[in-house]
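Notes for the structure review
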Amino acid sequence: MAPNTIQYTGEQARSFAGVSPEAWRHWRKVVPRLSAKSGKKARFSAGELIALAVVSAAVSTLNVGIARLAKRWDELFDLCAQQRPSSLRSTFVIVTVEKVELVDADRLSRERPAIVIPCEPIVDQLWSAAFSGAVQQAQATLPFAPQVVRGAPR
């Protein structure tokens, strides 16, 4: 990852994609890209968050088994991580048994069965989440009132 890109924690990625903690644990076992990013130091790029949200849409909305297409999901993470989120906005993710690809709307194939997921609403959701002024949680109150601390006289 480039040093000047926004990186997201595993918890932020899981929350953004709407994946329950139980499902997240299972996904990390079956999708190699996710198992490689475990622990508190795991970081995700915006492209990877978009890929994760696409996987979540396929699993939850279309009832696709996560393990059945684990190899395709890994390919999707690689494809999305290489793209800028703004360039993903106008694309569709096409998942077939043979491969996964990112295509523009005018190149959609009508020749074979496929899972087709538009990226635009996911990119818009990421943009809103990343740049909204709304704070998700209020800061906890401090247990002790702040006090001025002075060093010893010299």
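As the structure is a computational prediction, the values presented were derived from the model and not from experiment.

All right, on to the packing of aromatic side chains then. The full count for this structure, using the stated rule, is one aromatic pair. The residue whose ring lies beneath Lys-37 is Phe-44, and the NZ or CZ to ring-centre distance is 5.0 Å.

This next bit is on the side chain of Thr-96. Here Thr-96 lies in the loop between strand 3 (91–95) and strand 4 (100–104). When sequence neighbours within four positions are dropped, the list of residues in contact with Thr-96 reads Arg-72, Arg-112, Pro-113 and Ala-114.

On average, the protein scores 84 in pLDDT, and the residues at 70 or more come to 82%. By mean pLDDT, helix 7 (residues 120–131) is the weakest element of the protein at 87, and helix 2 (residues 21–30) is the strongest at 93.

Bringing the nonpolar core into the picture now. Counting residues in hydrophobic clusters, the biggest one holds 39 residues, and the most contacted among them are Trp-27, Leu-34, Leu-52, Val-55, Trp-73, Leu-76 and Val-93. Listing elements by their share of this core, those giving two or more residues are helix 1 (10–17), helix 2, helix 4 (46–60), helix 5 (70–81), strand 3, strand 4, strand 5 (115–118) and helix 7. Every residue in contact with Leu-52, bar those within four places of it in the chain, is listed here: Ala-13, Arg-14, Ala-17, Trp-24, Trp-27, Leu-34 and Phe-77.

Okay, helix 7 next. Here helix 7 spans 16 Å end to end across twelve residues, near enough to the 16 Å set by a 1.5 Å rise per residue. Looking at the buried side of helix 7, the elements it contacts are strand 1 (8–9), helix 1, helix 4, helix 6 (85–88) and strand 5.

Conventions and cut-offs
Residues numbered from 1 in each chain as written. Predicted model: local features only at pLDDT ≥ 70, side-chain atom pairs only at ≥ 80, totals over all residues. Heavy atoms only, no water. Phe/Tyr/Trp six-rings, centres within 6.5 Å; stacked < 30°, edge-to-face > 60°. Lys NZ or Arg CZ within 6 Å of the ring centre and 35° of its normal. Helix = DSSP H or I, 4+ residues; strand = E, 2+ residues; numbered from the N terminus. Contact = heavy atoms within 4.5 Å. pLDDT = per-residue confidence, 0-100. Core = buried A, V, L, I, M, F, W, Y, C linked by side-chain atoms within 4.5 Å. Buried < 20%, exposed > 50% of the residue type's maximum accessible area, 1.4 Å probe, protein only. Expected span 1.5 Å × (residues − 1).

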